[in-house]
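# An overview of the molecular structure
One-letter residues, chain by chain:
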Amino acid sequence: MVDKSLELFDPGHRACGGCGPALAARLILKGAGRETIVVSSTGCMEVFSTPYPETAWRVPWIHSLFENASAVASGVEASLKKQGRSEKVVCICGDGATFDIGILCISGAFERGHDITYICYDNEAYMNTGIQRSAATPYDASTTTSPAGACSFGNKLPKKDMPGILAAHGAPYVATASIAYPADLMQKVERAVNTPGPCYLQVHTPCCTGWGFDGSKTIGLSKLAIETGLWVNFEMVDGEVTKAKKVVRKPVEDYLKMQKRFRHLFKPVLQKDEIAKIQAIADSNAEKYGIDIRV
Amino acid sequence: MLKITEGSHAVAEAVKFCRPEVIAAYPITPQTHIVEALAEMVANCELDSEYICVESEFSALSACLGASAAGSRVYSATSSQGLALMFEVCFNVAGMRLPVVMSIANRSLGAPLSIWNDQQDSISLRDSGWMQVYAEDNQEATDLHFIAYKVAEDHDILLPAFVCFDGFILSHTYEPVDVPAQEEVDAYLPSFKPYQRLDAADPISMGMYATPDYYMEFRYEISRAMERAKEALKRAGREFDEEFGRDYSAPVEGYRLEDADTAIVALGSICGTVKDAIDEMRGSGRKVGLLKIRSFRPFPDKEILKALDDVSTVAVLDKNVSLGSGAGGALGLEVKDALYGSGIEVKDYITGLGGRDVRKRDIANITDLAESGKGDMYYGLREEVL
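Scope of this entry: the structure provided in the associated data block. Quantities reported herein were computed from a predicted structural model and do not represent experimental measurements.

### Details of the environment of W61 of chain A
Along the polypeptide, W61 of chain A turns up in strand β2 (residues 61-63). Since its relative accessible area comes to 0%, W61 of chain A is described here as buried. Separated by 11 residues in sequence, W61 of chain A and T50 of chain A place their C-alpha atoms 9.7 Å apart. Leave out the neighbours within four places in its chain, and W61 of chain A touches V38, S40, E46 and T50 of chain A together with L198, I204, S205, M206, G207 and M208 of chain B.

### Digging into the sheet that holds strand β15 (residues 345-350) of chain B
Residues and elements named next belong to chain B. Strand order across the open sheet formed by six strands is β10-β12-β11-β14-β15-β16, with mixed pairing between neighbours. Either end of the sheet is taken by a strand with one partner, and the two such strands are β10 (252-255) and β16 (377-378). In the sheet, β15 pairs with β16 via two bridges, with the strands oriented parallel. Note on β16: the bridge partner recorded for I350 is Y378. Sheet strands in contact with helix α13 (residues 360-371) are β11 (262-266), β12 (288-293), β14 (313-318), β15 and β16, and its direction is about 135° off that of β14.

### A closer look at the interface of chain A and chain B
Counting residues at the interface gives 41 residues for chain A, matched by 39 residues for chain B. Of the roughly 3100 Å² buried where chain A meets chain B, counting both sides, 62% is carbon and sulfur surface. Here chain A is connected to chain B by three salt bridges. Our count for the contact surface shared by chain A and chain B stands at 18 residue pairs in polar contact (both at pLDDT 80 or more). Those elements giving two or more residues to the side of chain A that touches chain B turn out to be β1 (36-40), α2 (44-49), β2, α3 (69-83) and α5 (103-112) of chain A. The greatest single-element share of the side of chain A that touches chain B, amounting to 11 residues, is contributed by α3 of chain A. In terms of residue class, the side of chain A that touches chain B is made up of 18 nonpolar, 12 polar and 11 charged. In this sheet, strand β9 (residues 205-206) of chain B lies alongside β2 of chain A in parallel orientation, the contact comprising two bridges.

### Quick word on the side chain of Q279 of chain A
Residue and element names in this part refer to chain A. In this fold, Q279 is placed in helix α11 (residues 272-289). On the basis of relative accessible area, Q279 is assigned to the buried category, the value being 19%. When sequence neighbours within four positions are dropped, the list of residues in contact with Q279 reads R249, P251, V252 and E253.

### Things to note about the layout of surface pockets
All names here are of chain B. Looking at the largest pocket, its volume works out to about 1100 Å³. Lining the largest pocket are 34 residues, with G95, M96, G207, M208 and F218 positioned closest to its centre. Residue assignment for the lining of the largest pocket shows that the elements contributing at least two residues are α5 (87-95), β9 and α9 (215-244). If one sorts the elements of the lining of the largest pocket by residue count, α9 sits on top with six residues. When grouped by side-chain class, the residues that make up the lining of the largest pocket number 18 nonpolar, nine polar and seven charged.

### Here's the deal with α13 of chain B
All names here are of chain B. In a regular helix each residue adds 1.5 Å, so 12 residues correspond to 16 Å; α13 covers 17 Å between its end C-alpha atoms and thus fits that length. Along α13, the positions that sit buried rather than exposed are D362, I363, I366, T367, L369 and A370. Each buried residue of α13 lies within a common arc of 160° when the element is viewed along its axis, so the set occupies one face. Directly beyond the C-terminal end of α13, a positive phi value near 80° is found at G373.

### Notes on unusual backbone geometry
Residue Y52 of chain A is joined to P53 of chain A through a cis peptide bond whose omega torsion reads 5°. The amide bond that connects A111 of chain B to the next residue, P112 of chain B, takes the cis arrangement and shows omega of -5°. Its location among the elements puts P112 of chain B in the loop between β5 (101-106) and α6 (120-123). The residue D238 of chain A is not glycine, and still its phi comes out positive at about 50°. Considering the arrangement of structural elements, one finds D238 of chain A in the loop between β9 (234-237) and β10 (240-244). Accessibility expressed as a relative area gives 60% for D238 of chain A, which makes it exposed.

### Side note on a negative patch on the surface
All names here are of chain B. Together, E183, E184, E242 and E243 make up a negatively charged patch on the protein surface. Those elements that provide at least two residues to the negative patch are α8 (182-188) and α9. Looking at the element boundaries, E243 is found in helix α9.

### As for the pattern of salt bridges
Per the stated rule, a full pass over the model turns up 52 salt bridges over all chains. With a closest N to O distance of 2.8 Å, E54 of chain A and R14 of chain A form a salt bridge. In this pair, E54 of chain A is assigned in the loop between α2 and β2 and R14 of chain A in the segment before α1 (20-32), connecting sequence segments 40 residues apart. Look at E54 of chain A and you get partly exposed, because its relative accessible area is 40%. Overlapping salt bridges bring together E136, E140, E253, K275, K292 and R294 of chain B as one network.

### Quick look at the pairing of strand β7 (residues 161-166) of chain B
The side chains of a regular strand alternate between both faces of the sheet. All names here are of chain B. Taking burial as the measure, the six residues of β7 include six buried ones, the bulk of the element. Burial of β7 is two-sided: the residues A161, V163 and F165 facing one way and the residues F162, C164 and D166 facing the other way are all buried. Bridge count between β5 and β7: six bridges; the pairing is parallel. Counterpart to S103 in the pairing with β7 is V163. Considered for its hand, the β-α-β crossover made up of strand β6 (residues 131-134), helix α7 (residues 138-153) and β7 is right-handed.

Parameters at a glance
- In this numbering scheme, every chain counts its residues from 1 along its sequence in written order.
- Chain labels run from A onward and ligand labels from 1 onward, assigned in the order the entries are written.
- It should be noted that, the model being predicted, local features are given only for residues of pLDDT at least 70 and side-chain atom pairs only at 80 or more, the latter also being counted only at that level, while totals for whole chains, interfaces and linings use all residues.
- Note that the side-chain values use all heavy atoms of the structure and ignore hydrogens as well as water.
- Numbering of helices and strands starts at the N terminus; helices are DSSP runs of H or I of at least 4 residues and strands are runs of E of at least 2.
- Only protein chains enter the area calculation, which uses a 1.4 Å probe; residues under 20% of their type maximum are buried, those over 50% are exposed, and those in between are partly exposed.
- Only heavy atoms enter the contact rule, under which two residues are in contact if any of them lie within 4.5 Å.
- Only strands that DSSP links by at least two bridges are regarded as paired with each other.
- Comment: axis = line fitted to C-alpha atoms, over the contacting stretch for helices; angle = value between 0 and 180 degrees taken between N-to-C directions.
- Two parts placed together each lose some accessible area under a 1.4 Å probe, and adding up what both lose gives the buried area.
- Counted as salt bridges are all cases of a side-chain nitrogen of Lys or Arg within 4 Å of a carboxyl oxygen of Asp or Glu.
- Any pair of N or O atoms that falls within 3.5 Å is considered a polar contact. Within protein, one atom must be able to donate a hydrogen and the other to accept it, and sequence-neighbouring residues count only if both atoms are side-chain atoms.
- Residue polarity follows a fixed list, in which Ala, Val, Leu, Ile, Met, Phe, Trp, Tyr, Cys and Pro are nonpolar, Asp, Glu, Lys and Arg are charged, and the others, Gly among them, are polar.
- Grid points spaced at 1 Å and placed over the protein atoms alone form the basis of the search, with a cavity being a set where a 1.4 Å probe fits but cannot get out and a pocket an open set showing protein on both sides within 12 Å along at least five of seven lines. Lining residues have an atom within 4 Å of a point.
- Grid points are joined across faces, edges and corners, and a volume is the space filled by probe spheres set on the points.
- Expected span of a helix, by definition, is 1.5 Å for each gap between consecutive residues, and there is one gap fewer than residues.
- Each C-beta atom gives one direction from the helix axis, and the arc is the one those directions make.
- The patches described consist of residues with a relative accessible area above 30% and no salt bridge, like charges being joined within 9 Å and nonpolar side chains (Val, Leu, Ile, Met, Phe, Trp, Tyr) within 5 Å.
- Computed with a 1.4 Å probe, the accessible areas rest on the Shrake-Rupley method; for each residue, only the protein chains presented here act as cover.
- Counted charges follow a simple rule, with Lys and Arg positive, Asp and Glu negative, and His plus the chain ends left uncounted.
- Here the site of a charge means atom NZ of a Lys, CZ of an Arg, CG of an Asp or CD of a Glu.
- The crossover handedness rule: strands pointing away from the viewer, path from first strand over the helix to second strand clockwise, crossover right-handed.

What follows is the structure, encoded as structure tokens:
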């Protein structure tokens, strides 16, 4: 068991107050432990944690480019293997780096079976460059490249199923987690780094700046994502879903109305049909993962 | 011991003796024979390396970057489009000061698609912070790998290096090559000692971002290392000569230049053809010589000025073109810069692009053109475009 009282991600970095990814970084390192080498992609976390000559990382850390973290990690892992070293290799990358620009390198690294853990901190858009749409952006979210307007409700496309894609690569362990459930998150990280082969973890990390909510509400909002069924915490072992967090579901409005990125669904007029479509996404998630507690 | 071998195989043998701990490889013509040969060595337990079959050249160099940062000697090879796909990683490797060595079997860049030789690929990376050395023949291509590792890994240098040799013309040609023995290479090239590495026992952050307060100094440090590399290359070349009896200490090499009025300046395998052409021209009484450029980065401007001090005309052969600069190739532009103010007439000739043959008679024609003051032009075009 790794000592989870260790603080390996230092305070004093440049993240916004209430930043979901910053909290995720701290919890991920608690789960991974001191014997870890972190590979980051370009993105918010890289920028707020390592302005030269300062760093927040108390473990060895490397950043190369936006899209190549998993290829860099492949090289790190091969080098450690050759040297007979035992550190764990963990990628921590945003959703743009994972769902979009880095998917070629990720696919290659997973297909080759490197012993790495790839963790996506999913804040559902390109936040570092100013809140542009990624393939992780949820349906109807307004971003700067999928803005809501007179003839648009925002992002028209559903979220890409990255866990499914990586499970299909034969990853032995794939899971989703949330900063609202820190014990679960740390345990999943620990399990992933101790599972031989390429493992994938996708962590829901609300972004107060990009989603438009008060920084004091980050954890509450994360919980609501789970409680509405719009985010499901689950585990897949060898491609089969083995566990999913069950909830007494709340209506999706409870989650949507707290965020400016969905404000156009409520004002100037309530968009019942659009909200119904988002409710249908939550219902489909609930069905797929069997999360409903019937009361 | 001399043996008749294909250029790519001689290079692969040399790489094996350098004991790379991690190799990341992706196939591309005309480089492929090198990584195939290395894969065979690994499969036969002749080479103890982690061999990663990556899904792209972009990942090949990214994996090398990671493995080098973790403390291993690394190797990759590529050509043309593969190097173009690595563009972003190339700048990153140099900026992070990782001593990656990569063979470039030089090939043209599309469009139109062409698998044949010119030097546009590596030349296009001239500002990336990689050292670039060019081989005239397969012996030199082989030997330059030992020198490249030695200089790249020198803690006063810490710059990556391309060892460039012309695709097909060298890579697929059988020549007698003296490939040294493992013990000899071990005596010349010490095992890799990283300047710093990713290590949980001593955590550091690598590849941080720099604000305008710091960025320029990082670039300046690379420039300074490149300057120091000039001496380091000479030193490593001299030491190589002491060990193996082949002298690569000079970044430029003259051939029949002592009393020459006209000098041809060139990079790579074309130098062999130029030497034969010069011998013929000398036979008919013409005072022509060659200045072969071995190191293009760092660029030996002072040595070029010194070597060409007594000639009146210079003809530069460029197997690349800097489009939009008139008819200027990278070598021509830089030789003109090195000779600026000397009064020496420098003419540039874009030739041999996309694998077009350059023969002895072409060298003689170019010499005629230079001596009659005609140049800064494409040489050898089909007549219908003129």
